[in-house]
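Spelled out, the chains give:
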Amino acid sequence: MRAEKDNVVSVIYELRKGSSDGEIIESLDGNNPLTFLFGSGGLLPRFEEHLDGMKAGDHFEFLLNSSDAYGPVIENMVVHVPKHIFEIDGKLDNNLLQTGNVVPMMNAEGKRLNGKILKIEDEVVEMDFNHPMAGQDLYFTGKLIEIRKASDKELEHGHTHGGCSNCSDGHCGDDDHDCHSGH
């Protein structure tokens, strides 16, 4: 079986910043693999392109330029928001309002996004809403560890149903099975 559309693929990998000797950003081993529905649009398209057609046991190593990953840093995604929005019952939430914290927010259109607090000033908070890996080239080394056909439910939902022994028979998430939304 090969990594191709509508198959469930599990990979382990090490992700480094920029090159084979760059800082390690993430490392997934056999105890915590990345399992995804190939071709569903849930991952970076160029990441999947590099795995397309591979078999379980195959190794991979490739660089994604920032333009093929999370794009460049966009300067107007660094904004100043009024400090008062961090108030709860009229008091500033000092646990939340700390430099470096990533805070879930919502824009005027209701879209959810995360912002990293860069600086706290008297009346405003400077926040960066760029993806944390924007502007970075990503270097992956890893291995495909498992490939299987997706269940009808996984195809219908557009994602895998991991962590459930009944997923392979299409019952994951059914009320009469002991599966608790592992997707």
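Below: a short report on this structure. Because the structure is predicted, anything quoted here is derived from the model rather than measured.

### A short note on the side chain of Asn 130
Here is step 1 of the chain: Along the polypeptide, Asn 130 turns up in the loop between strand E10 (124–128) and strand E11 (138–149).
Here is step 2 of the chain: Of note is the side chain of Asn 130, whose polar atom sits 2.9 Å from the backbone nitrogen of Ile 74.
Here is step 3 of the chain: At 2.8 Å, the side chain of Asn 130 and the side chain of Asp 128 are in polar contact.
Here is step 4 of the chain: Dropping the residues within four chain positions of it, Asn 130 is found in contact with Pro 72, Val 73, Ile 74, Met 77 and Val 78.

### Here we look at the packing of aromatic side chains
Here is step 1 of the chain: In this structure the tally under the stated criterion is 8 aromatic pairs.
Here is step 2 of the chain: Relative to Phe 140, the ring of Tyr 13 has its centre 5.4 Å away and its plane inclined at 70 degrees; by these criteria the two rings are edge-to-face. Of this pair, Tyr 13 sits in strand E1 (residues 7–17) while Phe 140 sits in strand E11, and the two are 127 residues apart along the sequence.
Here is step 3 of the chain: For Phe 140, a relative accessible area of 5% gives the class buried.
Here is step 4 of the chain: Look at Phe 47 and Phe 140: their rings are 4.9 Å apart centre to centre, the planes differ by 65 degrees, and that puts the pair in the edge-to-face class. With Phe 47 in helix H1 (residues 45–51) and Phe 140 in strand E11, this pair connects stretches of sequence that are 93 residues apart.

### Brief notes about the environment of Leu 63
Here is step 1 of the chain: Positionally, Leu 63 belongs in strand E4 (residues 59–64).
Here is step 2 of the chain: Expressed as a C-alpha distance, the spacing of Leu 63 and Ser 20, which sit 43 residues apart in the sequence, is 8.7 Å.
Here is step 3 of the chain: Once you skip the residues sitting within four places of it in the chain, Leu 63 turns out to touch Gly 18, His 50, Asp 137, Leu 138 and Tyr 139.

Each value, and the rule that gives it
- Residues numbered from 1 in each chain as written.
- Predicted model: local features only at pLDDT ≥ 70, side-chain atom pairs only at ≥ 80, totals over all residues.
- Heavy atoms only, no water.
- Helix = DSSP H or I, 4+ residues; strand = E, 2+ residues; numbered from the N terminus.
- Polar contact = N/O pair within 3.5 Å; in protein donor to acceptor, adjacent residues only side chain to side chain.
- Contact = heavy atoms within 4.5 Å.
- Phe/Tyr/Trp six-rings, centres within 6.5 Å; stacked < 30°, edge-to-face > 60°.
- Buried < 20%, exposed > 50% of the residue type's maximum accessible area, 1.4 Å probe, protein only.

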